[in-house]
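# Structural overview
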Amino acid sequence: DSFEIAGATIPRPLIQIREEVDWKEFDTGLIGLPIVRLFNLATSNRDSALLLKRNRQAPQEEHYNRGGMWVERAGAAAVVAVVGPGSPAAAAGIKPGDRITAPAFEVLIERTYGPPGTVIPLTVESGGTTRSVDLTLADFL
């Protein structure tokens, strides 16, 4: 129901703990920006540590990507780098390496922050073929 770190209690966080990851981009884990914004951060090279101190910023309303994929910009398109296991992107058959040509990159990113149940029509290129895919956003973590 909640997550406590460095004096801050985060209600209803989206956290997924995995023994092994299926991607190389985030080899040891990922903490979302809404949580990081709550802290002043510093590092200690001597201790190989990240130091957190709660700041005065209030938690932001829930607003996160519900598509379940990490994409990289490729001009106006997006190339899929990571697809979360059990995510809406995985359910739609999207795979790493797929190129999403529609909607445009910025529009795709904006739409994946929509409410659960939102359907985003995509044009996906893979292996020399183009297909239409409906990505249905969901809370999946």
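Rules of the game
Residues numbered from 1 in each chain as written. Predicted model: local features only at pLDDT ≥ 70, side-chain atom pairs only at ≥ 80, totals over all residues. Heavy atoms only, no water. Helix = DSSP H or I, 4+ residues; strand = E, 2+ residues; numbered from the N terminus. Buried < 20%, exposed > 50% of the residue type's maximum accessible area, 1.4 Å probe, protein only. Contact = heavy atoms within 4.5 Å. Areas by Shrake-Rupley, 256 points an atom, 1.4 Å probe, with all protein chains shown as cover. Pairing = 2+ DSSP bridges. Axes fitted to C-alpha atoms, helices over the stretch in contact; angles between N-to-C directions. Core = buried A, V, L, I, M, F, W, Y, C linked by side-chain atoms within 4.5 Å. Polar contact = N/O pair within 3.5 Å; in protein donor to acceptor, adjacent residues only side chain to side chain. Salt bridge = Lys/Arg side-chain N within 4 Å of Asp/Glu carboxyl O.

### Considerations on the overall build of the protein
Within the protein, the regular secondary structure consists of three helices and nine strands. Secondary structure of the protein in N-to-C order comes out as β-β-α-β-β-β-β-α-β-α-β-β. Burial status across the protein gives 28% buried among its 141 residues. Of the contacts formed within the protein by residues at least 6 apart in sequence, a portion of 40% connects residues at least 24 apart. Total accessible area computed for the protein in this model is approximately 9,300 Å², and 52% of it derives from carbon and sulfur atoms.

### Details of the sheet that holds strand β8 (residues 119–126)
With antiparallel pairing, the five strands of this open sheet are ordered in space as β5-β6-β7-β8-β9. In the strand order of this sheet, the two ends are held by β5 (69–74) and β9 (129–136), each with one partner. Neighbouring strand axes in the sheet, compared pairwise and without regard to direction, differ in orientation by 40° on average. Where strand β7 (residues 99–102) meets β8, three bridges bridge the pair, whose relative direction is antiparallel. Paired with R99 across the two strands is E125, which belongs to β8.

### Details of the environment of F105
By secondary structure assignment, the location of F105 is in helix α3 (residues 105–111). Relative accessible area serves as the criterion here: at 12%, F105 is assigned to the buried category. Placed 29 residues apart in sequence, F105 and A76 show a C-alpha to C-alpha distance of 5.5 Å. Ignoring anything within four residues of it in the chain, the contact list for F105 reads V71, E72, R73, A76, A77 and A78.

### So, the nonpolar core
The biggest cluster of nonpolar side chains holds 16 residues, and the ones touching the most others in it are M69, I94, I100, L122 and L135. Those elements that place two or more of their residues in this core are β5, β6 (77–83), α3, β8 and β9. One finds I10, I35, L38 and F39 within the second-largest nonpolar core, a separate group that totals five residues.

### Things to note about the pairing of β8
Where β8 and β9 come together, eight bridges link them in antiparallel fashion. Bridge pairing links V124 to R131 in β9. Between β8 and β9, which pair antiparallel in sequence order, lie two residues; one of them, G127, sits at a positive phi of approximately 60°.

### Considering the side chain of T112
Take T112: it is sitting in the loop between α3 and β8. Within the structure, T112 has its side chain in polar contact with the side chain of N65 (distance 3.0 Å).

### Some thoughts on the pattern of salt bridges
Counted under the stated rule, the structure contains five salt bridges. As a salt-bridge pair, D98 and R131 come within 3.2 Å of each other at their nearest N and O atoms. Taken together, the residues span a long stretch of sequence, with D98 in the loop between α2 (88–91) and β7 and R131 in strand β9 at a distance of 33 residues.

### Examining the pairing of strand β3 (residues 39–44)
When a strand is regular, its side chains alternate between the sheet's two faces. When β3 meets strand β4 (residues 49–54), the two strands line up antiparallel, connected through six bridges. Bridge pairing links F39 to R54 in β4. Connecting the antiparallel pair β3 and β4 is a turn made up of four residues, with S48 showing a positive phi of about 50°.

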